[in-house]
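Close look at the chain arrangement
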Amino acid sequence: QARPLRLASSRRDPRLRAAPTLFGEIAREKKVPPFCGSSPSTMAAFEQAGGVADVTKDEEISAGLAGGKKGVLMFYATWQDASRPGGQLQQLLAALAASPDQAAIQFFRCEAEAAPELSLKYGVEMVPHFVFFTAPGAVLESFSGADAQAVVKAVERLRGASAETAAEAPVAEEASDAALNERLEKLINAAPVMLFMKGSPQEPKCKFSRRMVELLQTEKVAFGSFNILSDNEVRQGLKTYSDWPTYPQLYCRGKLLGGMDVIAELAAEEGGLVAQLELGDEADAGGGAAAPEPTPEIDEAAKEAALNERLAQLVNGSPAMLFMKGNPEGPRCGFSRRIVELLRNEGWEFGYFDILSDNDVRQGLKKYSDWPTYPQLYVKGELVGGLDLVQEMAESGDLADLKP
């Protein structure tokens, strides 16, 4: 299921005040009429003639780029002045589309809130947002903001770019994967015995992590630990790195032993864990689970434990909790406004938290719940999802059944 995205209107950029002059220059140079100040009906006719295509699906973009064409896609919102239909950026897009110099470029526009899957795919968090394609699926660059001059310069770069330029992106992704694997290798070797768990040994966040800690302490095995709830990159990456899909995970001298069931079986063998793992002097002779000297990354995880505890309290602050931009009486983005309307129409009573008021919560909750966008709805401490999921549930009648 696609996740919703969060959109926040760019405040009118002071640089846009130069836009009418810029449009006029484009018109003179490209021999197309300047449309600043034109009526919406005139603009609609010009946009159609200029070849600005409305899209809501990635397949429509691919079809428009057939025959070797490049593409420019603008995400807009009807409530954002510069990008709305008839707005200055829409006029700019139409003028560029009508220019003979841009004959090899197909121009698209998409109402972001009407196409959440497409918006999510291209990382739309703010409107206007522009994406530049050298070929279907090959993105040269993308950015947000109402800067007409930046759009014109990006179109010029696109004209001179090749599909191979955008194809370099997977190489960068491979380099990123290599860096993550190097980090994971350092983490699993941070102590002779390393436990990757939910929470910390002092405050486990799931029953399996708690049982694992109790078992290691009972067996008098010294171990280091890493809270996978504090870092989603490690949480997801380690599953692939070790080909083990669940947590907790226990490592000995950099090698994966397994999860709770495997370790319990080892502990039941003759000599217990100390003998089975051949720990010898590495076992905790003092009878406790004395962790090794903490690494900087383990220290960082400990610092985030307090934030995770706060987030747990917040998501349980009310039977239904909405994390949104603004408040129910004054939403600060279109998605937050629409989810409030949906919940009220269903007769819900809910608490809320304005994530714009606290950046620690705003960023931390993404990792805590493994959900990268806002708004987010929770019921009895469990994540339901964002706008698209809530809207689907409202249409199917499931939302009424979920009402606490």
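In this report, we go over the structure that sits alongside the text. Values in this document were obtained by computation on a predicted structure and should not be read as measured data.

1. A short note on a negative patch on the surface
On the surface, Asp261, Glu265, Glu269 and Glu270 cluster together to form a negatively charged patch. Along the chain, Glu270 turns up in the loop between α11 (260-268) and α12 (272-276).

2. Details of the sheet that holds strand β3 (residues 70-76)
In spatial order, the strands read β2-β4-β3-β6-β7; together these five strands make up an open sheet with mixed pairing. Of all strands in the sheet, those bounded by a partner on one side alone are β2 (52-54) and β7 (138-144). Pairs of neighbouring strands in the sheet enclose a mean axial angle of 20 degrees, with direction left out of account. Here strand β6 (residues 129-135) runs beside β7; their pairing, made up of six bridges, is antiparallel. Looking across to β7, one finds that Phe133 is bridged to Val139. Across the sheet, helix α4 (residues 88-98) lies against β2, β3, β4 (105-111) and β6, angled at about 155 degrees from β4, the strand it touches most.

3. Looking at helix α6 (residues 148-159)
Taking 1.5 Å of rise per residue, 12 residues should cover 16 Å, and α6 covers 17 Å from first to last C-alpha, within 8% of that figure. Taken residue by residue, α6 has Ala148, Val151, Val152, Ala154, Val155 and Leu158 as its buried positions. With its buried residues spanning 160 degrees around the axis, α6 presents them on a single face. Of the residues flanking the start of α6, the one acting as N-cap is Asp147, its side-chain oxygen 3.2 Å from the backbone nitrogen of Gln149.

4. A short note on the sheet that holds strand β17 (residues 382-385)
Judged by pairing direction, the sheet is mixed, and its four strands sit side by side in the order β15-β12-β16-β17 without closing on themselves. The strands lining the two open edges of the sheet, one partner per strand, are β15 (351-354) and β17. Each strand of the sheet is rotated relative to its neighbour by a mean of 25 degrees, with strand direction disregarded. In the sheet, strand β12 (residues 320-324) pairs with β15 via four bridges, with the strands oriented parallel. Bridging across to β15, Met321 finds its partner in Gly351. Packed onto the sheet, helix α15 (residues 359-369) meets β12, β15, β16 (376-379) and β17 and runs at close to 60 degrees relative to β16.

5. Things to note about the packing of aromatic side chains
Scanning the entire structure with this criterion turns up seven aromatic pairs. Each ring, one from Phe196 and one from Tyr251, has its centre 5.4 Å from the other, and the planes form 75 degrees; the classification is edge-to-face. Here Phe196 is found in strand β8 (residues 193-197), whereas its partner Tyr251 is found in strand β10 (residues 249-252), with 55 residues between them in sequence. Among the residues examined, Phe196 registers a relative accessible area of 0% and is labelled buried. With relative accessibility at 1%, the residue Tyr251 sits in the buried group. Considering the side-chain rings of Phe323 and Tyr378, the 5.4 Å spacing of their centres and the 75 degrees angle between planes classify their relative orientation as edge-to-face. One end of the pair, Phe323, is in strand β12; the other, Tyr378, is in strand β16, with 55 residues separating them in the sequence. For Phe323, a relative accessible area of 0% corresponds to the buried category.

6. Points about the nonpolar core
Counting 23 residues, the largest nonpolar core has Val72, Leu89, Phe107, Phe132 and Val155 as the members making the most contacts within it. The set of elements that each furnish at least two residues to this core consists of β3, α4, β4, β6 and α6. When residues no more than four places from it in sequence are discounted, the contact partners of Phe132 are Gly71, Val72, Ala138, Val139, Leu140, Glu141, Phe143, Val151, Ala154, Val155 and Leu158. Ranked by size, the runner-up nonpolar core spans 19 residues in total, among them Trp348, Phe350, Leu377 and Met393.

7. Digging into the pattern of salt bridges
Following the criterion strictly, the structure yields nine salt bridges and no others. The partner of Glu329 in a salt bridge is Arg344, and the shortest N-O contact between them spans 2.6 Å. Residue Glu329 is located in the loop between β13 (326-327) and β14 (330-331), and its partner Arg344 is located in helix α14 (residues 334-345); the two are separated by 15 residues in the primary sequence. In this structure Glu329 comes out as exposed when scored by relative accessible area, which is 67%. Residue classification places Arg344 among the partly exposed positions, given a relative accessible area of 40%. Linked through salt bridges whose partners overlap, the residues forming this network are Arg183, Asp231 and Glu233.

8. Things to note about the packing of α4 against α6
Direction vectors running N to C along α4 and α6 enclose 25 degrees, while the axes themselves pass 11 Å from each other. As judged from the angle between their axes, α4 and α6 are roughly parallel. Crossing of α4 against α6: the hand is right-handed. Facing Leu89, Leu92 and Leu96 of α4, the residues of α6 in contact are Ala148, Val151, Val152 and Val155. Its residues placed into classes, the contact of α4 with α6 shows seven nonpolar, no polar and no charged.

9. Topic: unusual backbone geometry
The phi torsion of most residues other than glycine is negative, and most of the peptide bonds are trans. Look at the link from Tyr247 to Pro248: it is a cis peptide, with omega at 10 degrees. Turning to its location among the elements, Pro248 is positioned in the loop between α10 (232-242) and β10. In this chain, Tyr374 is followed by Pro375 through a cis amide linkage whose omega measures 5 degrees. Checked against the element boundaries, Pro375 lands in the loop between α15 and β16. For Lys220, which is not glycine, the phi dihedral falls at a positive 55 degrees. For Lys220, the location among the structural elements is in the loop between α9 (207-218) and β9 (224-227).

Reading the values: rules and limits
Residues numbered from 1 in each chain as written. Predicted model: local features only at pLDDT ≥ 70, side-chain atom pairs only at ≥ 80, totals over all residues. Heavy atoms only, no water. Patch = residues over 30% accessible without salt bridge, like charges linked within 9 Å, V, L, I, M, F, W, Y side chains within 5 Å. Areas by Shrake-Rupley, 256 points an atom, 1.4 Å probe, with all protein chains shown as cover. Salt bridge = Lys/Arg side-chain N within 4 Å of Asp/Glu carboxyl O. Lys, Arg positive; Asp, Glu negative; His and termini not counted. Charge placed at Lys NZ, Arg CZ, Asp CG, Glu CD. Helix = DSSP H or I, 4+ residues; strand = E, 2+ residues; numbered from the N terminus. Pairing = 2+ DSSP bridges. Axes fitted to C-alpha atoms, helices over the stretch in contact; angles between N-to-C directions. Contact = heavy atoms within 4.5 Å. Expected span 1.5 Å × (residues − 1). Buried < 20%, exposed > 50% of the residue type's maximum accessible area, 1.4 Å probe, protein only. Arc of directions from axis to C-beta. Polar contact = N/O pair within 3.5 Å; in protein donor to acceptor, adjacent residues only side chain to side chain. Phe/Tyr/Trp six-rings, centres within 6.5 Å; stacked < 30°, edge-to-face > 60°. Core = buried A, V, L, I, M, F, W, Y, C linked by side-chain atoms within 4.5 Å. Parallel < 35°, antiparallel > 145°, perpendicular 65-115°, else oblique. Left-handed = near helix turned anticlockwise from the far one by under 90°. Nonpolar A, V, L, I, M, F, W, Y, C, P; charged D, E, K, R; others polar.

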